[in-house]
Amino acid sequence: MSGARAWFCFPDMARVSMCVGVAVAAGLVPASARAATVWAIDDGERIGQAAVGSALATGEGNPVWRPGAPIRLFAMRDEVVAFQIVVEAGAAPLEAVTVDVPPLHGERGGAIRVDRFVEHFFDVTRPSSANGTDHCIGWDSGSGPPPGRYTGVVPDALIPVELAPGWSPWPMRVAARTNGVVWVDLTVPRDQPAGLYRAEVVARAAGRALAALPLELEVLPATMPAWPVRTMLYYGRGELAERVGDVDAAERQLWRLLHAHRLAPIHAVASAADVRRQLPALDGSLYTKAAGYEGPAAGEGDGIVAVGMYGSLGAPTPAALASVAEAADALAAPGLFDKADVILYAEDEVCASPLGAAWTAALARAPDANARRVRVAWTCDDEPARQPVAVPIVGAEAYDARAAAAARAAGKDPWIYGGRRPAAGTLMTDVEAVSLRTLGWIAAMAGTRRWFIWATTAWYDRHPSGHGPFDPFVTAETYHNQDGDALMGDGVLLYPGRQRDRLTNHSLGFPGVLPSIRLKNLRRGVEDAGYLS
């Protein structure tokens, strides 16, 4: 191969390393004879633990790297881009494996921050399905992935190297003929000068160099919009309290994590006290350098408030109306009605419910002026223009651009929720890694203002046929329902940093949550929409 270079080496045997490295790049050394193979890939692949010998390692079909060339990426200012480093062991295991990536520097100065994560593997033993069929609530019959294509031992949870525990350690141990994978985020500051930035990625085993891969990032002379598309992701405060503990600290860390991915947590409120607790995230003060935040969309509030989440207020009784008025007054005082979507979540997926019309009428005649500013929303797949609420939230599979335009002409604000193939990507782990990118793409192209994801911390499979409390680092099957659906990963986009209830064997002792590969791809789709805009 012209221009081949030693892309893994043994520094104590320099001449041998050069010969072996060139031979491997040229395809002259069989995979079984290699001590290690180190290669790079972008953020759109999920590399299985046993998926050794991938064509991507030769550069075939690899969009960011090939042997003998740098890892090449580009980004706007105020954007986060990512890549992965795969360390593939040969016939012998590799001990104490590290991947070092220093901050990137360019001719015009300004370092670019690097964050590294150990990719944690778990076993997806069967595909998502409804009663063993080829369909489920994540995809229609014939539109799902080929059965078994994405099962096996695969990664999803991303553990910061600084927090990596003994059961998913850093430095890594890579068993013979398996992969260890490191995820790398590069955060470009908003004031970063445009230009080319470089660093060198060095992989080592027990202190011995395996590879040195040049890294190049081109920073473009443009800035990523703070919110290319809007989202709303539900998390369970009760689930945080029960599983992680120290709920106020865990909640704030969750808010910061989602915000750093340009994703908005749903701020559920039912009182003035709820508003006060969440005010720093709503007015943006939590996301400032003074508050210790350095990341995208600095100073921007999350922009979404839900009163009575999932229909928890029930009917518009005098007591319920008083709660809405109290919360609305607390939101109005700092001017949040001008900075956020404030909705009353009247009902969930029951189009025949009278609560949508009842709350619409009750708020229209409410004596409190701020309560009258709250818009009624619910989830329902009926034609949005005919729904009795101001914000009809329509499932992805039922969303129609022409029907949405008619609803807007009628004064309504239709949003989208969920994800079901073939209409949109889906939330499960047993699909392509890029599946959730499609949500940002579709939202931008369809012109919908907000996309709703029903759960991120569903660590308690509460259906009678489910697992009950489960360990998401081990159990891939997260969701069951009365229709026979058994789903992999649905409802779990975040992993608990601490497990204190019954699952302490896999606890990091960290009072917060961890991201997933799926969350990173959801971010990528949102940022892709920034390029479109």
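Definitions and cut-offs
- Residues numbered from 1 in each chain as written.
- Predicted model: local features only at pLDDT ≥ 70, side-chain atom pairs only at ≥ 80, totals over all residues.
- Heavy atoms only, no water.
- Polar contact = N/O pair within 3.5 Å; in protein donor to acceptor, adjacent residues only side chain to side chain.
- Helix = DSSP H or I, 4+ residues; strand = E, 2+ residues; numbered from the N terminus.
- Buried < 20%, exposed > 50% of the residue type's maximum accessible area, 1.4 Å probe, protein only.
- Contact = heavy atoms within 4.5 Å.
- Disulfide = S-S within 2.5 Å.
- Core = buried A, V, L, I, M, F, W, Y, C linked by side-chain atoms within 4.5 Å.
- Pairing = 2+ DSSP bridges.
- Axes fitted to C-alpha atoms, helices over the stretch in contact; angles between N-to-C directions.

A few words now on helix α7 (residues 401-409). Here α7 starts with a cap whose side-chain oxygen sits 3.1 Å from the backbone nitrogen of Arg 402, and that cap is Asp 400. Of the residues flanking the end of α7, it is Gly 411, one or two places downstream, whose phi is positive at about 90°.

Bringing the side chain of Gln 192 into the picture now. Positionally, Gln 192 belongs in the loop between β10 (179-187) and β11 (195-205). Taking the relative accessible area as the measure of exposure, Gln 192 reaches 2% and is therefore buried. Not counting residues up to four positions away in its chain, the partners in contact with Gln 192 are Arg 77, Gly 109, Gly 110, Ala 111, Ile 112, Tyr 197 and Val 219.

A few words now on the state of the cysteines. A full pass over the atoms with the stated rule returns one disulfide. Across the disulfide from Cys 351 sits Cys 380; the S-S distance is 2.0 Å. Given an S-S torsion of about 120°, the disulfide between Cys 351 and Cys 380 has right-handed geometry. Highlighted residues: Cys 351 in the loop between β16 (341-348) and α6 (355-364) and Cys 380 in the loop between β17 (375-379) and β18 (391-395), separated in sequence by 29 residues. Judged by relative accessible area, which is 28%, Cys 351 ranks as partly exposed.

Membership of the largest hydrophobic core comes to 99 residues, with the highest contact counts inside it found for Ile 71, Ile 85, Leu 186 and Leu 217. In this structure, Ile 85 is in contact with Val 38, Trp 39, Ala 40, Ile 71, Val 99, Gly 180, Val 181, Val 182, Val 201 and Leu 213, ignoring residues within four places of it in sequence.

What follows concerns the sheet that holds strand β3 (residues 80-89). Taken together, the five strands give an open sheet; going across it, the order is β1-β3-β10-β6-β8, and neighbouring strands pair in antiparallel fashion. Every other strand in the sheet has two partners, leaving β1 (36-42) and β8 (152-160) as the edge strands with one partner each. The sheet shows a mean angle of 25° between the axes of neighbouring strands, taken without regard to direction. The pairing of strand β6 (residues 113-124) with β10 spans six bridges and is classified as antiparallel. From the neighbouring strand, Arg 113 faces β10, where its bridge partner is Thr 187. Each of β3, β6, β8 and β10 is contacted by helix α9 (residues 517-532), which is oriented at about 35° to β10, the strand it contacts most.

Moving on, we get to unusual backbone geometry. The linkage connecting Trp 170 with the following residue, Pro 171, adopts the cis geometry, with an omega of -5°. With respect to the helices and strands, the residue Pro 171 is situated in the loop between β8 and β9 (172-174). Omega for the peptide link from Arg 421 to Pro 422 comes to 10°, which places this bond in the cis form. Within the element layout of this structure, Pro 422 appears in the loop between β19 (415-417) and α8 (437-446). With a phi angle near 50°, Ala 96 is a residue other than glycine that sits in the positive phi range. Assignment of secondary structure puts Ala 96 in strand β4 (residues 94-100). The phi torsion at Asp 246 lies on the positive side, around 45°, for a residue other than glycine.

A separate point is the side chain of His 480. With respect to the element layout, His 480 can be found in strand β23 (residues 477-480). Taking the relative accessible area as the measure of exposure, His 480 reaches 9% and is therefore buried. A polar contact of 2.5 Å, which involves the side chain of His 480, links it to the side chain of Asp 461.

Attention now moves to the environment of Pro 318. You can see Pro 318 is positioned in helix α5 (residues 318-332). Residue class for Pro 318 comes out exposed when judged on its relative accessible area of 70%. Sequence separation between Pro 318 and Gln 387 is 69 residues, and the spatial gap between their C-alpha atoms is 24 Å.

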